Amino acid sequence: SLTSALKQNQKHKLTKSYSAFTTISPVKLAFGAILFLFLISSCSDPATVGIELAPGNNQIGVVFEEFELPAEVVLLDSFNTTNQPVLVVGEEEDDFFGKSSAYGYSRLNINIDGNQRPEEKAVLDSVLFSVDIVNVDGVNLNQPKYFSIHKLTEPILDTLYYNFDELSYEADPFSSAEIVFGEETDSLASFMVNEEFAEEIFSKLKSGLEFNDLFTFRDYFPGIAVKGREGDNTTISIRVGGSTGIKVYYRDDESDTLSRVYNISSMSSRSFNGLKSDRSGTPTEIVTETNKAYDVGPKVGMKSMLGMIIKLDTSPFDAFLDTLGGITFNQVVLEIGEIDNQPDTQIPPDALIMNFTDASNKILKTSTGIPYTVQADGQVQVFTDENGVLVPNTSSPTALFYNTKDRVYRQFITSHVNALFRGNLTRKDWLLYADVPITNPPLPNSSGDDFKRSLRQFVVNKNKVKVKVIYSKSR
């Protein structure tokens, strides 16, 4: 995993930083234990750390320091959730974010060429609604969780839909079921549809004009809304495609023993995810305006689909770097956590991208729309553009990756801090966004843009947002 690689890289860098002592003088061997103590403790005066290596009192000091980055929360402006690969569906409630209700909306599609309509003498066997569940987040998954499918009463238009958009639908579902997930996080589930709906759609399928073409069908059936049950505290991600939709099973006549199927699927169909939020009585109820930083108390948190993210004030870098001179950074790590306890079945986002921001509390981007972010360690942080101006690099974004064992997000930011220290890069505050950077080859275990594909979340004490630095100073 990437986390294991980070730890191995950390061990390699620390070993490398000590190599100067082992090659310069055997005296170092007698002081190895003393140096280790310096590495695990903070030192306010780097010049006092070192070993006398030669006449003239030449010294090399290895220093460990850490400091906190102040954190607040920001509610992003509504963002586009149109045509995501999954429908996000469910109900969640907790003491920090309040109540969140996620709804998946989708058109359905009929394949005129690939589907054979039943003849008038055909006999109905059953009508099911199948859902291709690719992920489950929640609590008490060994208890039944209820989901319902409703017919829309207004069409999904050829426009962009955002996370706080919604459509009207029939109050009574035409299909519903309870599911017990247990340890399963993906499954193909089939819901029975009610008898009245089954007879209606089979009748129209045999002889109605509604199935003559796609446009006529959508006039009759605008689409679906999928929702969960209040109190279940569970969210599912349903893959949009050929496996999600209505399946009409029938026989050609009474004597036929072979069952055939007519598919009405969500393949190649416009869809979007919407969310309702009620944060009354929680620390985040004061967060009412978008793109404004809020201090919500001793904790901060992030929740996908809601659009609530964490802003880090990076000004402590200025105070720290202004005290230094003639030093070399061996390693700089940003850590967030350990995060607050949550059930193993309620997984936090895989990774957090560190986007640059300013007083606008919006993600800063290039003229072509590429976000400015902290770049990967060991990669170029800045480059000279065609006008001879030094500009931030955007081709190697990095992220804080979550370690499930210690419940900590962490990443090396040594190269970024070096660029700040040398004046090549202008310091910016950061907005942490739940996503995995696009790399080649792709990073393992990536769930993609968590913000648009889940309700994943976490909460953490503000005093657990720390920068840990190891540097050397010689004189």
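Rules of the game
Residues numbered from 1 in each chain as written. Predicted model: local features only at pLDDT ≥ 70, side-chain atom pairs only at ≥ 80, totals over all residues. Heavy atoms only, no water. Helix = DSSP H or I, 4+ residues; strand = E, 2+ residues; numbered from the N terminus. Buried < 20%, exposed > 50% of the residue type's maximum accessible area, 1.4 Å probe, protein only. Contact = heavy atoms within 4.5 Å. Areas by Shrake-Rupley, 256 points an atom, 1.4 Å probe, with all protein chains shown as cover. Core = buried A, V, L, I, M, F, W, Y, C linked by side-chain atoms within 4.5 Å. Phe/Tyr/Trp six-rings, centres within 6.5 Å; stacked < 30°, edge-to-face > 60°. Salt bridge = Lys/Arg side-chain N within 4 Å of Asp/Glu carboxyl O. Pairing = 2+ DSSP bridges. Expected span 1.5 Å × (residues − 1). Arc of directions from axis to C-beta. Patch = residues over 30% accessible without salt bridge, like charges linked within 9 Å, V, L, I, M, F, W, Y side chains within 5 Å. Lys, Arg positive; Asp, Glu negative; His and termini not counted. Charge placed at Lys NZ, Arg CZ, Asp CG, Glu CD.

A.B. asks: Which parts of the structure should I look at to understand the overall build of the protein?
C.D. replies: Along its length, the protein carries eight helices and 26 strands. Going through the 475 residues of the protein one by one, you find that 51% of them count as buried. In the protein, once contacts between residues fewer than 6 apart in sequence are set aside, the share between residues at least 24 apart is 78%. Carbon and sulfur atoms make up 49% of the accessible area of the protein, which amounts to about 21900 Å² in all.

A.B. asks: What is the right way to look at the nonpolar core in this model?
C.D. replies: For soluble globular proteins, nonpolar side chains are generally found buried alongside one another. Grouped together as the largest cluster of nonpolar side chains are 64 residues, with contacts concentrated most on L312, F329 and W430. Here F329 is in contact with F320, L321, L324, T414, V417, N418, F421, V469, I470 and Y471, once residues within four sequence places are set aside. Counting residues in each nonpolar core, the second largest holds 40 residues, with V131, V193, I236 and Y262 among its members.

A.B. asks: Would you mind going over the packing of aromatic side chains with me for this structure?
C.D. replies: Any two aromatic rings considered together are summarised by their centre-to-centre distance and by the angle between their planes. Inspection of every chain in the model, using the stated rule, returns 25 aromatic pairs. Between F202 and Y250, the aromatic rings sit 6.3 Å apart at their centres with planes inclined by 40 degrees, giving tilted as the arrangement. Of the two residues, F202 sits in helix α4 (residues 195–207) while Y250 sits in strand β12 (residues 245–251), which places them 48 residues apart along the sequence. Taking relative accessible area as the criterion, Y250 reaches 2% and is therefore assigned buried. Ring plane angle 35 degrees and centroid distance 4.5 Å describe the contact between Y433 and F451, whose orientation is recorded as tilted. Of the two residues, Y433 sits in strand β24 (residues 429–434) while F451 sits in helix α8 (residues 450–453), which places them 18 residues apart along the sequence. Y433 sits in the buried class, given a relative accessible area of 12%.

A.B. asks: Help me understand the pattern of salt bridges, please; the structure alone is not making it clear to me.
C.D. replies: Side chains that differ in sign of charge can pair as their charged atoms come close. This model, assessed by the stated rule, comprises 22 salt bridges. R107 is the partner of D158 in a salt bridge, and the nearest nitrogen-oxygen pair spans 2.7 Å. Taken together, the residues D158 in the loop between β7 (145–151) and β8 (175–179) and R107 in the loop between β4 (98–106) and β5 (109–110) connect sequence positions 51 residues apart. Relative accessible area serves as the criterion here: at 12%, R107 is assigned to the buried category. The shortest N-O distance in the salt bridge between K468 and E335 comes to 3.1 Å. Here K468 is found in strand β26 (residues 465–474), whereas its partner E335 is found in strand β18 (residues 327–337), with 133 residues between them in sequence.

A.B. asks: Please explain unusual backbone geometry as it appears in this structure.
C.D. replies: Both trends apply: most residues other than glycine have a negative phi, and most peptide bonds are in trans. A cis amide bond, omega 15 degrees, links G337 with the succeeding residue E338. Structurally, E338 is set in the loop between β18 and β19 (351–357). The backbone of N233 sits at a positive phi, close to 50 degrees, despite the residue not being glycine. By the secondary structure assignment, N233 is in the loop between β10 (224–228) and β11 (234–239). Note on N233: relative accessible area 22%, which makes it partly exposed. One non-glycine residue, R407, adopts positive backbone phi at about 60 degrees.

A.B. asks: Would you explain the pairing of strand β22 (residues 399–403) in this entry?
C.D. replies: Two faces, one strand: in a regular strand the side chains alternate between the faces of the sheet. In terms of burial, β22 is largely enclosed, as five of its five residues are buried. Burial along β22 is two-sided: A399, F401 and N403 facing one way and L400 and Y402 facing the other are all buried. Pairing of β19 with β22, which is carried by three bridges, proceeds in the antiparallel orientation. Residue L352 lies in a different strand from β22, and its bridge partner there is L400. Linking β22 back to strand β23 (residues 408–412) in an antiparallel pair, the connection comprises four residues, with R407 at a positive phi of about 60 degrees.

A.B. asks: How should α4 be read in this particular structure?
C.D. replies: Working note: α-helix, 3.6 residues per turn, so residues spaced by three or four point in the same direction. Compared with the 18 Å implied by 1.5 Å per residue over 13 residues, the 19 Å span of α4 between its first and last C-alpha is a close match. Burial in α4 covers these residues: F197, A198, I201, F202 and L205. The buried residues of α4 occupy one face: seen down the axis, they fall within an arc of 125 degrees. Exposed positions of α4 whose direction lies more than 90 degrees from the buried face are E195, E196 and S207.

A.B. asks: Looking at this model, I keep getting lost on helix α7 (residues 414–421). Mind explaining?
C.D. replies: The element α7 is largely enclosed, with a buried count of seven among its eight residues. Taken as a whole, α7 has its buried residues at T414, S415, H416, V417, N418, A419 and L420. Positioned one or two residues after α7, G423 has a phi angle of 80 degrees, which is positive.

A.B. asks: I'm lost on the environment of T159 in this one. Help?
C.D. replies: Structurally, T159 is set in the loop between β7 and β8. Separated by 111 residues in the primary sequence, T159 and R270 have C-alpha atoms spaced 9.4 Å apart. The contact partners of T159, leaving out residues within four places of it in the chain, are T82 and R270.

A.B. asks: Looking at this model, I keep getting lost on a negative patch on the surface. Mind explaining?
C.D. replies: A cluster of acidic side chains, namely E170, D172, E196 and E200, defines a negative patch on the protein surface. Turning to its location among the elements, E200 is positioned in helix α4. Note on E200: relative accessible area 31%, which makes it partly exposed.

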